[in-house]
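Inside the fold
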Amino acid sequence: MWQTMGQERAVAALQRALAGGRRAHAYLLAGPPQVGKATLARELAQALNCDGTEPPCHECTPCRRIAAGIHADVQTVTVEASGDGAVHKDISIDQIREIGRSVSLRPFEGRCRVIIIDPADAMNEAAQNAFLKTLEEPPPDVVFLLVTARPQLLRATVRSRCQRLDLRPLPVAAAARALVERWGLPEQRAEVLARLSRGRLGWALAAQADEEMMRARREALMDIRNLAQRSLAERFARANDLAGRFGRQREAVLEVLDLWGQWWRDVLLAAAGCQEAITNVDLADILRAEAGRYDARQVASFLRSLAAARRRLEENVNPRLALEVLLLDLPAPR
Ligand SMILES: [Zn+2]
């Protein structure tokens, strides 16, 4: 019984493969952040080692040990924190070589060794090359699961050796229903979280569990609102600050840009009277007031600049320049 919600296509593909004994040596689990990739990776590891009649049963010893993260044959490779507390940027070639050595051993306690690489796009060039060597001669009884929100950053030769599974956000209504039926959230709360998460259940559940996350989000949105009224010098200082962070916390900076996009799209929707389509429903009153202060064409133009800036950042073009150009394009209040 698979518990990953809303990813029927990916789950059905895996069920067919496992039932027919045709599992791949490597899967690429691709999709936006907090959409269920890590959950599906864990469930696949369970299904491959489950002792129950309908894997993954979630009740047998292997399923439980994998859920608890203590199964000897299921290993996650990620960006490591070093001894001094600093976080490395990459998954290194040494980490991948270590994996290459360990997978030549038989499984310790289960039937199948599962190596989860998350985020797989954090493998640097050398690490990807080393990984490719392992994939070219896949050891028996080993399945690699590459988890990533940005599959385009993986080398084509790596991608082509993996079976790709695309995970997508749920429709908002389906996400809200799941939050009520499976996690017992009150309907109104479920509705707001489903909308804010844009159908990413992982995000909705994290926000439900962590009041601080919602508070920080609201603060970030108010900051976006205020930024449009700041002086050029202040905006450039912000661009500089974000560009500096981009080297170390790429995902966090891209999330900030996503939030900007969300806010200004909502301003545009509020201006057009499309209340039911706005994402930040809990801030609808503020959005309506803001909508009256900006020229819709300027807002639309900023949203295009935002998409362009995002592309430039993905392509690793000078981040400071990309962000400065973007902040010059902020709409001006009337
Ligand atoms: Zn089981």
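In the block above lies the structure referred to throughout.
Just so it is clear, the model here is predicted, and its values are computed rather than measured.

1. Structural notes on the overall build of the protein chain
When helices and strands are tallied, the protein chain shows 15 helices and five strands. In terms of C-alpha radius of gyration, the protein chain reaches 22 Å, essentially the compact-globule figure of 20 Å for 334 residues. Counting the 334 residues in the protein chain, one finds 44% classified as buried. The contacts in the protein chain between residues at least 6 apart in sequence include a share of 70% that link residues at least 24 apart.

2. Here's the deal with the coordination of the zinc ion
All of the protein donors around the zinc ion are Cys50 (SG), Cys57 (SG), Cys60 (SG) and Cys63 (SG); their distances to the metal are 2.2 to 2.3 Å. Here the zinc ion is ringed by four donor atoms whose angles at the metal span 102 to 121 degrees, and the overall shape comes out tetrahedral. Written as a sequence motif, the donor arrangement for the zinc ion is C-x6-C-x2-C-x2-C. Cys57 sits in the partly exposed class, given a relative accessible area of 23%.

3. Observations concerning unusual backbone geometry
Between Pro55 and Pro56 the backbone carries a cis peptide bond, its omega angle lying at -5 degrees. Its location among the elements puts Pro56 in the loop between α2 (37-49) and α3 (61-67). Following Asp118, the chain continues to Pro119 via a peptide bond in cis, the omega torsion being 0 degrees. Structurally, the position occupied by Pro119 is in the loop between β3 (113-117) and α5 (125-136). In this structure, Asp141 takes a positive phi of about 60 degrees despite not being glycine. Structurally, Asp141 can be placed in the loop between α5 and β4 (142-148). Since its relative accessible area comes to 23%, Asp141 is described here as partly exposed.

4. A few points about the pattern of salt bridges
On inspection of all chains with the given rule, the structure shows 22 salt bridges. With a closest N to O distance of 3.7 Å, Arg161 and Glu136 form a salt bridge. Remark: Glu136 occurs in helix α5 and Arg161 occurs in the loop between α6 (156-160) and β5 (163-166); sequence separation between them is 25 residues. Note that Arg164 and Asp166 form a salt bridge whose closest N and O atoms lie 3.0 Å from each other. By relative accessible area, Arg164 is classed as partly exposed at 43%. When salt bridges with common partners are traced through the structure, they connect Arg250, Asp258, Arg310 and Glu314 into a single cluster.

The rules behind the values
Residues numbered from 1 in each chain as written. Predicted model: local features only at pLDDT ≥ 70, side-chain atom pairs only at ≥ 80, totals over all residues. Heavy atoms only, no water. Helix = DSSP H or I, 4+ residues; strand = E, 2+ residues; numbered from the N terminus. Rg over C-alpha atoms; globule rule 2.2 N^0.38 Å. Buried < 20%, exposed > 50% of the residue type's maximum accessible area, 1.4 Å probe, protein only. Contact = heavy atoms within 4.5 Å. Donors = N, O, S within 2.8 Å, 3.2 Å for Na, K, Ca; no water. Tetrahedral: all angles 85-135°; square planar, octahedral: opposite > 155°, others 65-115°. Salt bridge = Lys/Arg side-chain N within 4 Å of Asp/Glu carboxyl O.

Everything listed is a geometric property; what it means functionally is a separate question.
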